[in-house]
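A look at the structure
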Amino acid sequence: MVMKFILLPWKPELVFTGTSVMGVNPETNKFNSHVDYWDSIKNNDYFSVEGLLEVIKQLRIYKTPDLETPSYQILRRTATYEVRKYDPFIVVETEGDKLAGNRGFNDVAGYIFGKNSATEKIPMTTPVFTQAFDAEKSKVSIQIVLPSDKSLSSLPAPNQEGISLRKTEGGIAAALKFSGKPTDDVVREKEKQLRSSLIKDGLKPQSDCMLARYNDPGRTWKFIMRNEVLIWLEDFKLD
């Protein structure tokens, strides 16, 4: 269930996943009871202080630019992370240095600003991804997502060495959202927290991970920045 809270200027979305149990009167075949069990709280009483605090937590402000972002559906929202099903998307990428690093950003940004074989300017999207392909974070790429109306065949070729286009097939990923400046130490700690929570919940995280940065750090207050650590999952099934 997704609800937009329009009473606040930033219009936050409240997201709840879980199970609804409906009771039926066998004599009248009408519903006579309804209990919701949220994935994000343990105390599912009719009125739960834990549930109220969960709602308040979701009302905090994260600044998400009004730009296209990869399409996903939230399958489960726990107290600490979301499980999302991502549609396929295309990225322009080059080699980076570390998860929270910026090396290579000007090169991939240059591609969408017209430094390509057709000198075509391509609309900016969000977020900027940095992806570590192994547990040691020894190989990192920095990526900009390209608009969903583009295909690999319709996109101009990069005209700079080391820049490439790649289609990500999407899939199931867990995401942990946080604010503030995403330094390398902070990102590694968030990834550790997320991985630990996933294993505790019986899920199967892959060894790689991604950092998603949604904001221009020079134009956004730290406390409203939207950052996410994402880990792709294997064999995820809804109970």
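First, a word on what this report is: a plain description of the structure on this page.

Calculation criteria
Position numbers for residues start from 1 in each chain and track the written sequence from start to end. Where local features are concerned, this predicted model is filtered to residues with pLDDT of at least 70; where side-chain atom pairs are given and counted, the filter is 80 or more; whole-chain, interface and lining totals use all residues. The side-chain quantities take in all heavy atoms of the structure and omit both hydrogens and water. The secondary structure listing takes helices from DSSP runs of H or I that are at least 4 residues long and strands from runs of E that are at least 2 residues long, numbered from the N terminus. Buried means the residue's accessible area, taken with a 1.4 Å probe over protein chains only, is under 20% of the maximum for its type, while exposed means over 50%, and partly exposed covers the values in between. By the convention used here, residues are in contact when the closest approach between their heavy atoms is within 4.5 Å. In this description, a nonpolar core means a group of buried Ala, Val, Leu, Ile, Met, Phe, Trp, Tyr and Cys residues linked to one another through side-chain atoms lying within 4.5 Å. The term salt bridge refers to a pairing of a side-chain nitrogen on Lys or Arg with a carboxyl oxygen on Asp or Glu at a separation within 4 Å.

1. Overview of the overall build of the chain
Helix and strand counts for the chain stand at three helices and 14 strands. Expressed as lengths along the three principal axes of its C-alpha atoms, the size of the chain is roughly 70 × 40 × 35 Å. Of all 239 residues assigned to the chain, the portion counted as buried reaches 42%. Considering only contacts within the chain whose residues lie at least 6 apart along the sequence, 64% involve residues at least 24 apart.

2. A short note on the nonpolar core
Counting residues in each nonpolar core, the largest one holds 21 residues, and the members touching the most others are V83, L194, L198 and L233. Elements supplying a minimum of two residues to this core: β11 (171-178), α3 (184-200), β13 (209-213) and β14 (227-234). Of all the elements, β11 adds the most residues to this core, at four residues. Excluding its chain neighbours within four sequence positions, the residues that come into contact with V83 are Q73, I74, L75, R76, I172, A173, A174, L203, L233 and F236. Within the second largest apolar cluster, 13 residues are counted, among which are Y111, I122, V128 and I142.

3. Here we look at the pattern of salt bridges
Pairs can form between side chains of opposite charge whenever their charged atoms are close. One pass over the full model with this rule turns up 13 salt bridges. In this structure, R84 engages E82 in a salt bridge whose closest nitrogen and oxygen atoms are separated by 2.9 Å. A salt bridge links E120 to K150, with the shortest nitrogen-to-oxygen separation between them at 2.8 Å. Taken as a pair, E120 in the loop between α2 (105-112) and β8 (128-132) and K150 in the loop between β9 (140-145) and β10 (164-168) lie far apart in primary sequence, 30 residues in all. Given the relative accessible area of 23%, K150 is considered partly exposed.

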